[in-house]
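Remarks on the overall topology
What follows is the residue order along each chain.
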Amino acid sequence: MRVLSLVTNSHSRFYRQQCDGLRARGHTVDTVAVPGRSKESARSPWAYAKYYPRVIAASFGEYDLLHANYGLSAPPAVIQPSLPVVLSLWGSDLMGTYGWLSQCCARFAEEVIVMSPEMAARLGRPTHVIPHGIDLDLFQPLPQSAARRELGWSDDAYQVLFPYRPSRPVKNFERAERVIESARERVDRPIELQVAVDVEHNRMPVLMNAADAVLLTSNREGSPNTVKEAMACNVPVIATDVGDLAERLKSVAHSTVSDDDATLAAALAATVSAGERSDGREVIAEIGLQRQLDRLESVFERAVNPS
């Protein structure tokens, strides 16, 4: 197919991965991105004012459909008159400040893709739950000792990875610090909290495999890729009850989801003390990248050739 793809941040890792995967399957994917900085909050209304005419003009090209990625790219998608629209919502665009805009635009798209059942429940219309796919060749179990040597992490302490920049408010690093401090009182060795700052994506498997657990304390999420990537590495995950994590982690060994800090701290202490890996890779196998692309192609086909 010939796809006109709209996005607010064309540098997003999983967006690039999706586009590259579709192109490898023979599809044409042309991207029109919102101009300016990649964080939507940093863009002025003028950036979007310039973006909308560009989208309308591009929609008259030789395309089969328009794929709007992230809610803030949806308004020009649903008002252009030429192409059927597939709208993919990523999480914060529905659960955050501009959720009302995403909900409004979703009413006018031919097909809507969301990351989790929680997101689907908010829309009140038929949707496709298709989490972002994981590169299972990149994210796989590695020897912990070798990963720690490569990073220079101590073997004399438990290592816990917070897989985001601490400066992102929605990820709630302060809560992670509180949980770690409480967990330290329950174990007989130090716990070191490591953070992922300016880490290339292809280096993240090393950090994850070096950790005894991954700790996520976000205020909200859709279907966070970092958790699925940790699962693919068989690394235990301790997380707040956001997005689809309760369902995704419910059967995964040495992993816990809770909104109670004391429960998170106790679970983290027990997990690192056990010193065992999870069985998350077996659970996550169904959402590898190729499976995601299969399902995305099916949604595109429904949009272009509705029954």
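Let us look at the structure shown here. Computed from a predicted structure; not experimentally measured. What you see as residue numbers is a count from 1 along each chain, following the sequence as written. Local features in a predicted model are, by the rule used here, given only for residues with pLDDT of at least 70; side-chain atom pairs are given and counted only at 80 or more, and totals for whole chains, interfaces and linings are based on all residues. Here the side-chain values reflect all heavy atoms present in the structure, with hydrogen atoms and water set aside.

**Quick word on the packing of helix H8 (residues 173–184) against helix H12 (residues 261–274)**
Think of two packed helices as two axes; the pair is described by the angle between the axes and how far apart they sit. It is at 8 Å that the axes of H8 and H12 come closest, and there the two elements cross at 55°. Of the possible angle classes, the one that applies to H8 and H12 is oblique. Between H8 and H12 lies a crossing of right-handed hand. Counted together, Arg175, Arg178, Val179, Ile180, Ser182 and Ala183 of H8 and Asp261, Leu264, Ala265, Leu268 and Ala269 of H12 form the full contact between these two elements. Per-class residue counts for the contact of H8 with H12 are seven nonpolar, one polar and three charged. Interaxial angles span 0 to 180 degrees and are taken between N-to-C directions of axes, which are lines fitted to C-alpha atoms, for helices over the stretch in contact. Here a helix means four or more residues in a row that DSSP labels H or I, a strand means two or more in a row labelled E, and each is numbered from the N terminus. Any angle between 65 and 115 degrees counts as roughly perpendicular, while under 35 counts as roughly parallel, over 145 as roughly antiparallel, and the rest as oblique. Crossing handedness is read from the near helix: turned anticlockwise from the far helix by less than a right angle, it gives a left-handed crossing, and turned clockwise, a right-handed one. Between two residues, a contact is recorded if the distance between any of their heavy atoms is within 4.5 Å. Gly is placed with the polar residues, together with every amino acid not listed as nonpolar (Ala, Val, Leu, Ile, Met, Phe, Trp, Tyr, Cys and Pro) or charged (Asp, Glu, Lys and Arg).

**As for the packing of aromatic side chains**
The description of an aromatic ring pair uses the distance of the two centres, along with the angle that the planes make with each other. Pairing of aromatic side chains here covers Phe, Tyr and the six-membered ring of Trp, requires ring centres within 6.5 Å, and sorts the geometry by plane angle: under 30 degrees stacked, over 60 edge-to-face, intermediate tilted. Counted under the stated rule, the structure contains five aromatic pairs. When the ring of Phe14 is compared with that of Trp90, the centres are 4.8 Å apart and the planes differ by 75°; the resulting orientation is edge-to-face. Linking Phe14 in helix H1 (residues 13–24) with Trp90 in the loop between strand S4 (85–88) and helix H4 (92–95), this pair joins segments that are 76 residues apart in sequence. For Trp90, a relative accessible area of 14% translates into the label buried. Here the aromatic residues Phe14, Tyr70 and Trp90 are joined through ring pairs into a cluster of three or more. Two conditions define a charge sitting above a ring: the NZ of Lys or the CZ of Arg must be within 6 Å of the ring centre, and it must be within 35 degrees of the ring normal. Just above the ring of Tyr164 sits the side chain of Lys171; from NZ or CZ to the centre is 4.1 Å. Seen from the ring of Tyr158, Arg189 lies directly overhead, with NZ or CZ sitting 4.3 Å from the centre. Between buried and exposed lies partly exposed: a residue is buried under 20% and exposed over 50% of the maximum accessible area for its type, with that area taken using a 1.4 Å probe on protein chains only.

**Quick word on the pattern of salt bridges**
Counted as salt bridges are all cases of a side-chain nitrogen of Lys or Arg within 4 Å of a carboxyl oxygen of Asp or Glu. Tallied over the entire structure, the rule returns 16 salt bridges. A salt bridge links Asp155 to Arg148, with the nearest nitrogen and oxygen atoms 3.2 Å apart. Residue Asp155 is classed as partly exposed on the basis of its relative accessible area, which comes to 47%. For Asp261, the salt bridge goes to Arg178, with nearest N and O atoms at 3.6 Å. Linking Asp261 in helix H12 with Arg178 in helix H8, this pair joins segments that are 83 residues apart in sequence. One network of salt bridges, with partners in common, ties together Arg25, Asp294 and Glu297.

**Points about the packing of H1 against helix H14 (residues 289–304)**
The N-to-C vectors of H1 and H14 enclose an angle of 75°; their axes lie 10 Å apart at closest approach. In this view, H1 runs roughly perpendicular relative to H14, as classed from their interaxial angle. Residues Gln17, Gln18, Gly21 and Leu22 of H1 pack against Leu289, Gln292, Leu293, Leu296, Glu297 and Phe300 of H14. The residue inventory of the contact of H1 with H14, partitioned by class, reads five nonpolar, four polar and one charged.

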